[in-house]
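# A look at the structure
Residue-level listing of the chains:
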Amino acid sequence: MNKFPTRASCLEMYNRAKPYLGVILLQFGYAGMPIIAKSAINQGMNIYTYTVYRNAIAALIFAPFAVFLERKVRPGMTASVFWKILLLGLLEPVLDQNLYYTGMKYTSATFTSAMCNILPAITFVMAWILRLEKVNIKRLRSQGKVLGTLVTVGGAMIMTLVIGPTIRLPWSEHDQSTAAADATDPHQDSIKGALMITAGCLCWACFVILQAITLKSYPAELSLTALICTMGTIQGIILTIVVEKENTAIWAIHWDTKFQAAVYGGIVCAGAGYYISGVIMRQRGPVFVTAFGPLSMVIVAILGPFMLSEQLVLGRVIGAVVIVIGLYLVLWGKSKDQCSSESDSELLPVDQAKANTNLDAKILVHDHVSSKVAATCEAV
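Residues numbered from 1 in each chain as written. Predicted model: local features only at pLDDT ≥ 70, side-chain atom pairs only at ≥ 80, totals over all residues. Heavy atoms only, no water.

By the naming in an unreviewed UniProt entry, the chain is WAT1-related protein, taken from Heracleum sosnowskyi. The Sequence similarities (unreviewed entry) comment attached to the chain in UniProt states, word for word, "Belongs to the drug/metabolite transporter (DMT) superfamily. Plant drug/metabolite exporter (P-DME) (TC 2.A.7.4) family." Per UniProt, the comment on the chain under Subcellular location (unreviewed entry) is "Membrane". (UniProt positions renumbered as here; feature names shortened; annotations may be inferred.)

Quick look at the structure:
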C-alpha cells in the first residue's frame, strides 16, 4: 500500500486550500497599507488625488491582462451590469477610500485598522438579509458562524481598548517622545474619525455584497476589476475637481512616499484585492472573504515588534487569540456549509434517477392497463 500522497490527492488538497491561502495573502497585503498611507498623509498627501492615482494605476496595470486573458470568457455588457459597475466604482474606490483615509487623518493607522474589524459583522448581517449566506439558527453550523463573527469583532475591540502590561522583547525599543507627540496631535479627532471609518466600512460591505451579485451575471473577475477601477478613477476625478476646485498643485506627482503609497495601494489593495476577493467570493461567498479582515490587525501586531520596533502589550496578545478563535468558528461553520452543499449536489442525480424510475414504472402500468381495456372492448 502506497503511504505517500498521490498527485491527484495533492491537487485536491491544493484546490481546497486555495481560498484560504488567497485570503491570507490578501490580508498580508492589506496589513501594510495603513502604515504606508499614514506616513504619506503625514507628509501632506492629498486624499482625493491619492484615491484617483491609486485606482488609475490599478486600471492601467490590470486592463491589459483582462483584455487578453478573458477575451473568450468575458460576457457581453448589459445595461444592468453597467449600472452595477458604476455603483461599485462609487461605493469602494470613491466613497469608502475617501472616508477611510480621511478618518485615518483624524486618528491613527492602528485605530483605523481596529475600527475596520466591524466589516465582517456588517457584511454577515447584509448577506443574511439578502439571502447570500445560509443561516438556520437551529443548526449548529449557523450558530458557529454567528458566534464566530461576534467573537471576532470582540477580539478586535479587545486589541483596541485593552492595553495591559508591556511584554518586553529584546529587539523592541519604544520611543516615548514619538508616542507623546502622537497623543497630543492637535489634528486628532477620534469621534469624527471613527464616524468616517464606520461609514467607510458600511460602503465597503455594500461593495462586497454588490460585487458578489454582479459576478453571477458577469463572471469575469479581471475585467470586472479593471472596469471598477476605471469607473472609480473617473468618478474620483469629478469629486476632486468639485471639492478642490482650482487647486491644481495637488495633482503634482513626485517619486516620494505619496506616489509609492499610490502604487502600492493600486497594485496590491485595489487591483489584486478586487480580483482575488472576486475569485474566492464566487466559491465561498462574501462572508468568507471579509471574515479574515481582523487577521490583518493580528499580522500588524505580530510583525510590528520585529519591523517597527513597537512594544507588544498583553491586550493585543489576548485580542489576537480571541480573533483566531472567532475565525476558527466562522470557518468551521463555512466548511460544514460546503460539505452540506456538496452532499446535496451528489444526491441530486440519485433522486432524479429514482424519480425517473418511478415515472417509467407508472408509464408501464398505464400501458398495461390500457392494453387490457382495449382487449376487453374488442371482445365486447
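Structure shown, so let's carry the discussion forward.
### Let's talk about the overall build of the chain
A tally of regular secondary structure across the chain gives 13 helices and 2 strands. Burial statistics for the chain: of 380 residues in total, 41% are counted as buried. For the chain, restricting intrachain contacts to residue pairs at least 6 apart in sequence, the fraction spanning at least 24 positions comes to 90%. (Helix = DSSP H or I, 4+ residues; strand = E, 2+ residues; numbered from the N terminus. Buried < 20%, exposed > 50% of the residue type's maximum accessible area, 1.4 Å probe, protein only. Contact = heavy atoms within 4.5 Å.)

### Details of the pattern of salt bridges
Evaluation of the coordinates by the stated rule reveals 2 salt bridges. The partner of Arg-16 in a salt bridge is Glu-12, with the nearest N and O atoms 3.7 Å apart. One end of the pair is Arg-16 and the other is Glu-12, both in helix H1 (residues 7-42) and 4 residues apart, which spans about a single turn. Close ionic contact of Arg-282 with Glu-221 constitutes a salt bridge, the shortest N to O distance being 2.9 Å. Of this pair, Arg-282 sits in helix H10 (residues 257-284) while Glu-221 sits in helix H9 (residues 221-244), and the two are 61 residues apart along the sequence. Residue class for Arg-282 comes out partly exposed when judged on its relative accessible area of 48%. (Salt bridge = Lys/Arg side-chain N within 4 Å of Asp/Glu carboxyl O.)

### Topic: a nonpolar patch on the surface
Together, Leu-60, Ile-61, Phe-65, Val-67, Phe-68, Leu-69 and Ile-267 make up a nonpolar patch on the protein surface, roughly 710 Å² of accessible area in all. Ranked by residue count, the leading element in the nonpolar patch is helix H2 (residues 47-69), at 6 residues. Relative to the assigned elements, Leu-69 resides in helix H2. (Patch = residues over 30% accessible without salt bridge, like charges linked within 9 Å, V, L, I, M, F, W, Y side chains within 5 Å. Areas by Shrake-Rupley, 256 points an atom, 1.4 Å probe, with all protein chains shown as cover.)

### Section: the packing of aromatic side chains
We describe a pair of aromatic rings using the distance from one ring centre to the other and the angle between the two ring planes. Taken as a whole, this structure holds 10 aromatic pairs when the rule is applied. Considering the side-chain rings of Tyr-20 and Phe-288, the 5.4 Å spacing of their centres and the 80° angle between planes classify their relative orientation as edge-to-face. With Tyr-20 in helix H1 and Phe-288 in helix H11 (residues 286-291), this residue pair connects regions lying 268 residues apart in the sequence. Taken together, Tyr-20, Phe-288 and Phe-292 form an aromatic cluster joined through their ring pairs. When the ring centre of Phe-288 is taken as reference, the NZ or CZ atom of Arg-284 above it lies at 5.4 Å. (Phe/Tyr/Trp six-rings, centres within 6.5 Å; stacked < 30°, edge-to-face > 60°. Lys NZ or Arg CZ within 6 Å of the ring centre and 35° of its normal.)

### A closer look at the environment of Val-125
On the secondary structure map, Val-125 appears in helix H5 (residues 119-129). Residue classification places Val-125 among the partly exposed residues on the basis of a relative accessible area of 43%. Each C-alpha atom of the pair Val-125 and Val-287 lies 9.3 Å from the other, and the pair is 162 residues apart in sequence.

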